[in-house]
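Examining the three-dimensional arrangement
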Amino acid sequence: MKIPYRFSLLFLITVILSTPQPIQSNTNPDYPCKPPQYNSYTFCNTSLSISTRAKSLISLLTLTEKINQLSNTASSIPRLGIPSYEWWSESLHGIATNGPGVSFNGSIPSATGFPQVLLTSASFNRSLWYKIGYALSVEARAMYNSGQAGLTFWAPNINIFRDPRWGRGQETPGEDPMVVSDYGVEYIKGFQGDGQNELRVSACCKHFTAYDLESWRNYSRYSFNAVVSEQDLKDTYQPPFKSCIQDGKASCLMCSYNQVNGIPACANEGLLQQARTEWGFQGYITSDCDAVGTIYEYQHYVQSPEDAVAVALKAGTDINCGSFLVRNTQSAIEQGKIKEEDVDKALFNLFLVQLRLGLFDGNPIKGKYGKLGPHNVCTTEHKKLALDAARQGIVLLKNDNKFLPLKRHSISSLAVIGPMANDTSKLGGGYTGIPCKPKSFTDGFQAYEVNTTFVSGCLDISCSSTDGFAEAVQIAKEADVVIAILGLDLSQETEDHDRLSLLLPGKQMDLIDVVSKVSRRPLVLVLTGGGPLDVTFAKEDPRIASILWVGYPGEAGGESLAEIIFGDFNPGGRLPITWYPESFTSVPMNDMSMRADPSRGYPGRTYRFYSGDEVYGFGHGLSYTNYTYKFVTAPNRISLSGSTIKADSGKDKPSQKSDGLDYVHIDELMSCHDINFNVKLSVINNGDMDGSHVLLLFSRSQRKLKGAANRNLIFYDRVHTKSNEETEINILIEPCRHLGIVNEQGHNVLPLGNHILMLEGLEHSILIDT
């Protein structure tokens, strides 16, 4: 949530003037409804409904007091005993320093640094995602109780990682809508708690919607118009947000900077009200910072600041990150652009969330979560979870002749080369806080009591000079094994900065070349960063035995990598994104279309629609053991009897298009539940190591409807397998959900005919007919 430059100075002044002084050790949060003077108000009465309490509070406020609540830094209301409140705290993969809501200047000096989201999603482990969300919520509440954080956090980022150049792709769970949706749901459930009316802390799904461009050529996220078809919107961009609301019950939604089909997201009433009326959203909608101002200043969508206020509030935006609403709402009312009731509507949504958080229930230290404090942050349990997340996410991309794992007793020396290899400051990627006790990659290797020598080789990740090459060559000549740790860091990919190339930055490739020529054995290449890299040269070079992707592994990155390289953990991560060749950079980043269009040389995007060459495909990932698979039981035919289709649907038989493919509209089926079926799969670990293994089951329709995906992921799970044993997995397949597609008109349909289930090269055909 970086602020557009022209807003930044005013915004920062506002934050500085309205944020409390630096937190001192052992302070507790200020709170409303303090006895004896301020606890008799109706909004303090916990026996009443939160709706009644919210309306009562609004009725007591003057217009000026109301308007001063419309910023992320909500002003205090001294006459009612209500302190100021900071809405903006961050917790993407750890309590982060981004935003004014969090301070590490107090009794809690650090918080657990989990891997960046993209690496965590590579585990394909829902229970892990839930556990991380829960751990973050415990640390968040503990920091709130210590006066060092708010209770409203603006995470997770559930945008689709559509283009490999996107600087913030690292923050997302990847390119598959189902995986991204599942991650968001598990994170939110773990973070917010299970109560419908009660929140442990508040999560926020961002950035709504079709947001995935920072700064590319002449395009900027502050003014970019994302032109998206109804088909792409419904089948790719929106599913994570729909799941976030319907299944995760998120209490916050953040509208993005960009326009969607010509309308700024924070002024897009159709989108924002769809979330409330169709999906049942019950929470508050915040703008990105300062996305209400960009409606006027950058996008010139309206003629005045007051018009920007009006379109945003009327569309459903409740609060502005920044001061734009605070500065311009009064004049918008005076000019008749909006009414005070429009402000009341926004405040009602805001206060409902604060009430659900218990902010008006009295002293939080005496409440349900009041005992959480410094002893609940950076716990042994949380640090082990961070380590396990990094282990599970790391992906083994190449391993010629089973070069890895290394046998520590047969290795006397390591040469570790690369500017990230001995640096703990960049292990977390974007939206990182102050981690507990981070270990560098070099630290991790040294813990194995192997003689380890480190040189950076390049001054930094940009690697613009060969000055450090000679030293790298020298230690490579002398070591038993060379481990080159290269790739990306936040100088290459971050918020407000997209990449132009998919190649390794600067002279990194040259460094690998000169080192590999002198090393005694083929070397191990470790790749950092979130964005895909074209490492075709390394994939094909026999002098490079193994390639691992470690993303941004968080505070336990050094320990986790060493454990995998020395075989104490069997890697099982799978890529949650497609790795494209450098030639993909000729595809315009501003083209939001997912589907390939050969008529204009457009190759499509993500494994679902991309038609070009890959460096490594979605779901690629190796192990130190070998697996075989089989379909144990699965039906061959599913029948949609005449009674399955609604009598009043207006159709006696399935629809038919000119391409000859029959289908039924899913909303015409009387009961989707009646056609669900079970599949039993078997995975056999044929190796001599136990391992946690990711199963990925895909489907495709044999007769392809126009615009249908090449294949769709319909099931995944991470299962523990024992050496030389068979593990069976039972799966419930829901055809309406798993085998349906979105047609060009944006309707959910179920194709008839053969559907092919695909599991690691195996196929099973199921006929769906009437």
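Reading guide: rules and limits
- Residues numbered from 1 in each chain as written.
- Predicted model: local features only at pLDDT ≥ 70, side-chain atom pairs only at ≥ 80, totals over all residues.
- Heavy atoms only, no water.
- Core = buried A, V, L, I, M, F, W, Y, C linked by side-chain atoms within 4.5 Å.
- Buried < 20%, exposed > 50% of the residue type's maximum accessible area, 1.4 Å probe, protein only.
- Helix = DSSP H or I, 4+ residues; strand = E, 2+ residues; numbered from the N terminus.
- Pairing = 2+ DSSP bridges.
- Axes fitted to C-alpha atoms, helices over the stretch in contact; angles between N-to-C directions.
- Disulfide = S-S within 2.5 Å.
- Contact = heavy atoms within 4.5 Å.
- Salt bridge = Lys/Arg side-chain N within 4 Å of Asp/Glu carboxyl O.
- Phe/Tyr/Trp six-rings, centres within 6.5 Å; stacked < 30°, edge-to-face > 60°.
- Lys NZ or Arg CZ within 6 Å of the ring centre and 35° of its normal.
- UniProt positions renumbered as here; feature names shortened; annotations may be inferred.

**With respect to the nonpolar core**
The nonpolar side chains of soluble globular proteins are, as a tendency, buried together. Trp 154, Leu 527, Trp 549, Trp 579 and Leu 713 are the most contacted members of the largest nonpolar core, which has 176 residues in total. At 10 residues, the largest contribution of residues to this core is made by helix α5 (residues 126-145). Of all hydrophobic cores here, the second largest spans 32 residues; its members include Leu 404, Val 416, Val 524 and Val 526.

**Quick look at the sheet that holds strand β3 (residues 204-208)**
Strand order in this open sheet of 3 strands is β3-β7-β10, and the pairing throughout is parallel. Looking at the sheet topology across the chains shown, the edges are occupied by β3 and β10 (284-287). Taken over all neighbouring pairs, the strand axes of this sheet differ in orientation by 25 degrees on average, direction set aside.

**Thoughts on the state of the cysteines**
The final tally for this structure, using the stated rule, is 8 disulfides. Note that Cys 33 is cross-linked by a disulfide to Cys 44, the S-S spacing being 2.0 Å. The S-S bond linking Cys 33 to Cys 44 shows a torsion near -85 degrees; that makes this disulfide left-handed. Note that Cys 33 is positioned in the loop between α1 (5-18) and α2 (50-59) and Cys 44 in the loop between α1 and α2, a separation of 11 residues in sequence. The class for Cys 33 is buried, based on a relative accessible area of 5%. A sulfur-sulfur distance of 2.0 Å marks the disulfide that ties Cys 378 to Cys 436. Disulfide Cys 378-Cys 436: the torsion about the S-S bond is -90 degrees, which places it as left-handed. Highlighted residues: Cys 378 in the loop between α13 (340-356) and α14 (380-393) and Cys 436 in the loop between β12 (413-417) and α15 (441-446), separated in sequence by 58 residues. Each member of the pair Cys 378 and Cys 436 is classed as buried.

**So, helix α11 (residues 305-315)**
When you tally the buried positions in α11, you get 8 out of 11 residues, the bulk of the element. All of the buried residues in α11 are Glu 306, Asp 307, Ala 308, Val 309, Ala 310, Ala 312, Leu 313 and Ala 315. Buried residues belonging to α11 abut α9 (269-277), α10 (291-297), α12 (324-334) and α13. With its phi angle positive at about 130 degrees, Gly 316 sits one or two positions after the end of α11.

**Notes on unusual backbone geometry**
Each neighbour pair has its own omega, and for Pro 35 with Pro 36 the value is 0 degrees, a cis peptide bond. Inspection of the secondary structure assignment puts Pro 36 in the loop between α1 and α2. Residue Pro 405 is reached from Leu 404 by a cis peptide bond, and omega for that bond is 5 degrees. Within the secondary structure, Pro 405 is located in the loop between β11 (395-399) and β12. Notably, Arg 217 is not glycine yet its phi reads approximately 50 degrees, a positive angle.

**Topic: the pattern of salt bridges**
Across all of its chains, the model carries 39 salt bridges by this definition. Asp 235 is paired through a salt bridge with Arg 608; the nearest N and O atoms lie 3.1 Å apart. Of this pair, Asp 235 sits in helix α7 (residues 230-237) while Arg 608 sits in helix α20 (residues 606-609), and the two are 373 residues apart along the sequence. Exposure remark for Asp 235: the relative accessible area of 10% places this residue in the buried category. Taking the relative accessible area as the measure of exposure, Arg 608 reaches 5% and is therefore buried. The salt bridge involving Lys 398 is made with Asp 400; its shortest N-O contact spans 3.6 Å. For Lys 398, a relative accessible area of 4% corresponds to the buried category.

**Focus on the sheet that holds strand β21 (residues 677-685)**
Sheets are built from strands that pair by backbone hydrogen bonding, the pairs being arranged parallel or antiparallel. Across the sheet, 3 strands lie side by side as β17-β21-β24; this open sheet has antiparallel pairing. Edge positions in the sheet fall to β17 (627-633) and β24 (726-733), since each of these pairs with one other strand and no more. Sheet twist, expressed as the average angle between the axes of neighbouring strands with direction ignored, equals 25 degrees. Relative to β24, β21 runs antiparallel, the two being bridged by 8 bridges.

**So, the packing of aromatic side chains**
In total, this model carries 30 aromatic pairs according to the counting rule given. Ring centres 6.2 Å apart and planes at 70 degrees place the aromatic pair Phe 161 and Trp 166 in the edge-to-face group. Taken individually, Phe 161 and Trp 166 each receive the classification buried, so the pair is uniform in this respect. Both rings, one in Phe 618 and one in Phe 698, keep their centres 6.4 Å apart while their planes meet at 80 degrees; by these two values the pair is edge-to-face. Of the two residues, Phe 618 is situated in the loop between α20 and β17 and Phe 698 in strand β22 (residues 691-701); the sequence distance between them amounts to 80 residues. Neither Phe 618 nor Phe 698 differs from the other in exposure class; each is buried. One aromatic cluster is present, formed by Phe 124, Trp 129, Phe 153, Tyr 183, Tyr 187, Phe 191, Tyr 607, Phe 618, Phe 698 and Tyr 716 through successive ring pairs. Directly above the ring of Tyr 602 sits Arg 600, whose terminal nitrogen or CZ lies 4.3 Å from the centroid.

**Thoughts on the side chain of Ser 251**
Tracing the backbone shows Ser 251 in the loop between α8 (239-246) and β7 (252-255). According to the relative accessible area criterion, Ser 251 is buried, its value standing at 0%.

**What to know about the UniProt feature "domain: Glycoside hydrolase family 3 N-terminal" (unreviewed entry) in the protein**
As annotated in UniProt, the feature "domain: Glycoside hydrolase family 3 N-terminal" (unreviewed entry) corresponds to residues 109-347 in the numbering used here. As annotated, residues 109-347 comprises 43% helix and 10% strand, and the C-alpha atoms at either end are separated by 34 Å.

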